[in-house]
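Close look at the chain arrangement
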Amino acid sequence: MASSGLTSVTVNATEADNDGTTTQSLVVSSTSVSVPEGGTSSYTVRLAAQPSGNVTVTNTAGSGDTNITVSSGASLTFTTSNWNTAQTVTLAAAEDSDSTAGTRPITVASSGLTSVTVTATEADNDGGPVGPRADNPYANAGVYVNPQWRSKALAEPGGSRIANQPTGVWFDRISALTGNGSPTTGTMGLADHLDQAVTQDAANGSAPMVIQIVVYNLPGRDCAALASNGELGPTELARYKSEYIDVMAGILARPAYANLRIVAIIEIDSLPNLVTNVGGRATATAMCDTMLANRGYVDGVGYALNKLGAIPNVYNYIDAAHHGWVGWDDNFGATANMMFTAATASGSTAANVHGFITNTANTSALTEPYVGSVTEQLRQTTWIDWNRYNDELTFAQAFRSRLIQSGFSSSIGMLIDTSRNGWGSCVQTPCQPTQATRPTAASTSTDPNTFVNQSRIDRRIHKGNWCNQAGAGLGERPRSAPATGIDAYVWIKPPGESDGSSSLIPNDEGKGFDRMCDPTYTGNARNGNSMSGALPGAPVSGHWFSAQFQQLMANAYPPLS
Ligand code: BGC
């Protein structure tokens, strides 16, 4: 077949028509390209046949979504020798605040040849379709560094090694929203942090900016413990709604913050407490029974999800405790169902939930590389104690599936707080009375208890221990999409902030003295009546605890360089 109407220039052709000639044309790798907002995508161009001289190919954006541009390769030159080598054209999509997937045609043209149209379509940063929210808000994004935490970290010897890590910003009282100057929350209110996040966003190029805020002020807060009791009494749900959530939502919805990705961590420990610490269980407390009966937590969480979820750039993640709390058969499905009950309370729907977070402020190991999978035999050890899980990563992935079974969207993602679960070798005393050296291989013991105790990296005395754990270290540094189903490893509990005071310290924050923070305490039903494993000399929860900060850095895993 001779060239049919096309201009053909054919010399030494490699792609021959059946008469031995090759029609010259533009060979484009794809005629439809999706370009993530704040990112780039590319296609390639080459010639079908060797030209007799240089050929210039232009790539020109037409009329359409002007956020999409040709960022490199607008003009390509092919020679008699490189004509067959594909050259790259890069398209960029600017970050915009709309939720529609704009398109723009890119015309690939060369004089005398038939041009080709590449349709570029804007996509979310995760590469998926543009919706009001990214599938994973952390993908390709910067994460806000709290200047108040940063300056405390910088004031510590060696603290500059981690001072630029993003940490959660906790709003643990109504007055924290405006900035109350307390040791816990400092002088910056919510709007101050958001303003700073906008500034950090402007400084980080085209990448979007995540800010992680912790919503933590339910009535009757921390019903199974005392160290983080709050300002609202068990019947003060109305104040929670009007003075806390409504005020917070009003600030978050301001147009100035519309381009931020606001990750809202919803109410640590609250819903799991309603499952595990109520009713006839040995672990029950009167306050958890009260908060279950009066619906303060369920309706409060539903209200928060509904109000915050109405803001298009807020991503709600509900706190889901950790494997050493929810991983038992009795608790696993019941907690997932409780999450769904709360997510559909107070007029909310499950669509207001973007995902869940595990291990917030806890020290459960991310993985237990030397214990391996939880066999029936290992379930019977004292350490694992019939739990189905022995690490956070496996638990978070399995709990995600269980939550979907309870009615949540199959697009939910998980976060894991890795701020304090590193468990490097304990080089900063006091260490736990269990072994101080991080294992480097599985134990060879044939006794299951000895095997687990010699192999495990989590060196707590008992998995129910949660307060200022001796021997703990910083865990994985925050990062996006580290594993299947996991949106990010995050540092929500700011390293160096206490979990509770070692002895009673009067305060005006509602904080009680919980003996789980007293190193001399011999325990209760929630930690198998074990020693608390807490560091001595701790201040009230949320206050700076220098000795803990130093220990976390010294015992970090991966180690700090
Ligand atoms: C405290 C909060 C504090 C948070 C982060 C919680 O245990 O109750 O007041 O903001 O930890 O450190």
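Here we summarise the structure given alongside this text. (Residues numbered from 1 in each chain as written. Predicted model: local features only at pLDDT ≥ 70, side-chain atom pairs only at ≥ 80, totals over all residues. Heavy atoms only, no water.)

**Examining empty space enclosed by the protein**
Inspection of the entire model under this criterion finds two cavities of 30 Å³ or more. Here the largest cavity is characterised by a volume of approximately 40 Å³. If you go around the largest cavity, the residues you meet are Trp328, Thr382, Trp383, Ile384, Asp385, His462 and Lys463. Residue classes in the lining of the largest cavity are distributed as three nonpolar, two polar and two charged. Space inside the second largest cavity adds up to approximately 30 Å³. Around the second largest cavity, the lining residues are Tyr216, Leu218, Arg221, Asp222, Glu267, Ile268, Asp269, Ser270, Asn273 and Tyr297. Across the lining of the second largest cavity, the residue classes break down as four nonpolar, two polar and four charged. (1 Å grid on protein atoms, 1.4 Å probe; cavity = no way out; pocket = protein on both sides within 12 Å on 5 of 7 lines; lining within 4 Å. Points joined across faces, edges and corners; volume = space filled by probe spheres on them. Nonpolar A, V, L, I, M, F, W, Y, C, P; charged D, E, K, R; others polar.)

**Some remarks on the state of the cysteines**
Scanning all chains against the criterion turns up three disulfides. Each sulfur of the disulfide joining Cys223 and Cys288 lies 2.0 Å from the other. In this structure the cystine formed by Cys223 and Cys288 twists about its S-S bond by roughly 95°; its chirality is therefore right-handed. Placement of the pair is Cys223 in the loop between strand E12 (209-215) and helix H3 (237-252) and Cys288 in helix H5 (residues 286-293), with a sequence separation of 65 residues. Residue class for Cys223 comes out buried when judged on its relative accessible area of 5%. Its relative accessible area of 0% is what places Cys288 among the buried residues. (Disulfide = S-S within 2.5 Å. Helix = DSSP H or I, 4+ residues; strand = E, 2+ residues; numbered from the N terminus. Buried < 20%, exposed > 50% of the residue type's maximum accessible area, 1.4 Å probe, protein only.)

**Points about the packing of helix H2 (residues 190-202) against H3**
Helix packing for two helices is described by the angle between their axes and how far apart those axes are. Relative orientation of the contacting elements H2 and H3 amounts to 25°, with a least axis distance of 10 Å. Considered as vectors, H2 and H3 are oriented roughly parallel to each other. When you trace H2 past H3, the crossing you get is right-handed. Of the residues in H3, those touching H2 at Leu190, Ala191 and Leu194 are Met248, Ile251 and Leu252. Among the residues forming the contact of H2 with H3, the class breakdown is six nonpolar, no polar and no charged. (Axes fitted to C-alpha atoms, helices over the stretch in contact; angles between N-to-C directions. Parallel < 35°, antiparallel > 145°, perpendicular 65-115°, else oblique. Left-handed = near helix turned anticlockwise from the far one by under 90°. Contact = heavy atoms within 4.5 Å.)

**Considering the sheet that holds strand E7 (residues 87-93)**
Within the open sheet, the four strands sit side by side as E1-E3-E7-E5. Their pairing is antiparallel. Only two strands of the sheet have a single partner each, and these edge strands are strand E1 (26-28) and strand E5 (68-72). If you compare each strand with its neighbour and ignore which way they point, the axes differ by 35° on average. Taken together, the seven bridges between strand E3 (residues 39-47) and E7 define a ladder with antiparallel strand orientation. From the neighbouring strand, Gly39 faces E7, where its bridge partner is Ala93. (Pairing = 2+ DSSP bridges.)

**As for unusual backbone geometry**
Pro430 follows Thr429 through a cis peptide bond whose omega is 0°. Tracing the sequence through the fold places Pro430 in the loop between strand E16 (413-417) and helix H11 (448-455). Cis rather than trans, the peptide bond between Tyr557 and Pro558 has omega equal to 0°. Along the chain, Pro558 falls in the segment after helix H12 (546-554). Unusually for a residue other than glycine, Ala361 sits at a positive phi of about 60°.

**Considering the pairing of strand E8 (residues 103-109)**
Every second residue of E8 is oriented toward a common face, the buried set being Arg104, Ile106 and Val108 and the non-buried set Thr103, Pro105, Thr107 and Ala109. In this structure, strand E4 (residues 55-61) lies alongside E8, joined through four bridges in antiparallel fashion. By the bridge assignment for E8, Asn59 is matched with Val108. Both E8 and strand E9 (residues 116-123) contribute to a ladder of six bridges, which runs antiparallel. The partner of Thr107 across the bridge, within E9, is Thr117.

**Some thoughts on the site of the ligand**
If you check the shell around the ligand, you find Trp170, Asp172, Thr184, Tyr216, Ser228, Lys493, Pro494, Glu497, Lys511, Ser541 and Gly542 and nothing else. Separating an oxygen atom of the ligand from a side-chain N or O atom of Ser228 is a distance of 2.7 Å. At 2.9 Å, a side-chain N or O of Lys493 approaches an oxygen atom of the ligand. Considering the ligand on its own, with 310 Å² of exposed area, one finds that the protein chains cover 96% of that surface. Class assignment for the residues of the shell around the ligand results in three nonpolar, four polar and four charged. (Near = heavy atom within 4 Å. Polar contact = N/O pair within 3.5 Å; in protein donor to acceptor, adjacent residues only side chain to side chain. Areas by Shrake-Rupley, 256 points an atom, 1.4 Å probe, with all protein chains shown as cover.)

**So, the nonpolar core**
Core analysis: the biggest nonpolar cluster contains 75 residues, and Met248, Leu252, Leu271 and Phe356 have the highest contact counts within it. In terms of residues, this core owes the most to one element, H3, which gives eight residues. Those residues in contact with Leu252, other than ones at most four positions away along the chain, are Leu190, Leu194, Ile213, Tyr257, Ile262, Leu308, Ile311 and Val314. Formed by 22 residues, the second largest nonpolar core is a distinct cluster that contains Val45, Leu47, Trp83 and Val89. (Core = buried A, V, L, I, M, F, W, Y, C linked by side-chain atoms within 4.5 Å.)

**Some points on the environment of Gly179**
For Gly179, the position within the fold is in the loop between strand E11 (169-171) and H2. Between the C-alpha atom of Gly179 and that of Asp192, which follows or precedes it by 13 residues, the distance is 8.4 Å. Here Gly179 is in contact with Gly186, Thr187, Met188 and Gly189, once residues within four sequence places are set aside.

**Describing the packing of aromatic side chains**
Each pair of aromatic rings is reported with the distance of its centres and the angle of its planes. If you walk through the whole model with that rule in mind, you get 11 aromatic pairs. Between the aromatic rings of Trp149 and Phe549, the centroid separation amounts to 6.5 Å while the plane-to-plane angle is 65°, which identifies the pairing as edge-to-face. Taken together, the residues span a long stretch of sequence, with Trp149 in helix H1 (residues 147-154) and Phe549 in helix H12 at a distance of 400 residues. We note that Trp149, like Phe549, is buried. Here Phe332 and Phe395 contribute two aromatic rings whose centre-to-centre distance is 6.1 Å and whose plane-to-plane angle is 65°, an arrangement assigned as edge-to-face. On the criterion of sequence distance, the pair formed by Phe332 in helix H8 (residues 329-343) and Phe395 in helix H10 (residues 392-406) is long-range, its members being 63 residues apart. For the pair Phe332 and Phe395, a shared accessibility class is recorded, and that class is buried. Every member of this aromatic cluster is reached through a ring pair, and the members are Phe332, Tyr389, Phe395 and Phe399. Note that Arg438 overlies the ring of Tyr557, its terminal NZ or CZ placed 3.3 Å from the centroid. Its end group placed over the ring of Trp170, Lys493 keeps NZ or CZ at 5.7 Å from the ring centre. (Phe/Tyr/Trp six-rings, centres within 6.5 Å; stacked < 30°, edge-to-face > 60°. Lys NZ or Arg CZ within 6 Å of the ring centre and 35° of its normal.)

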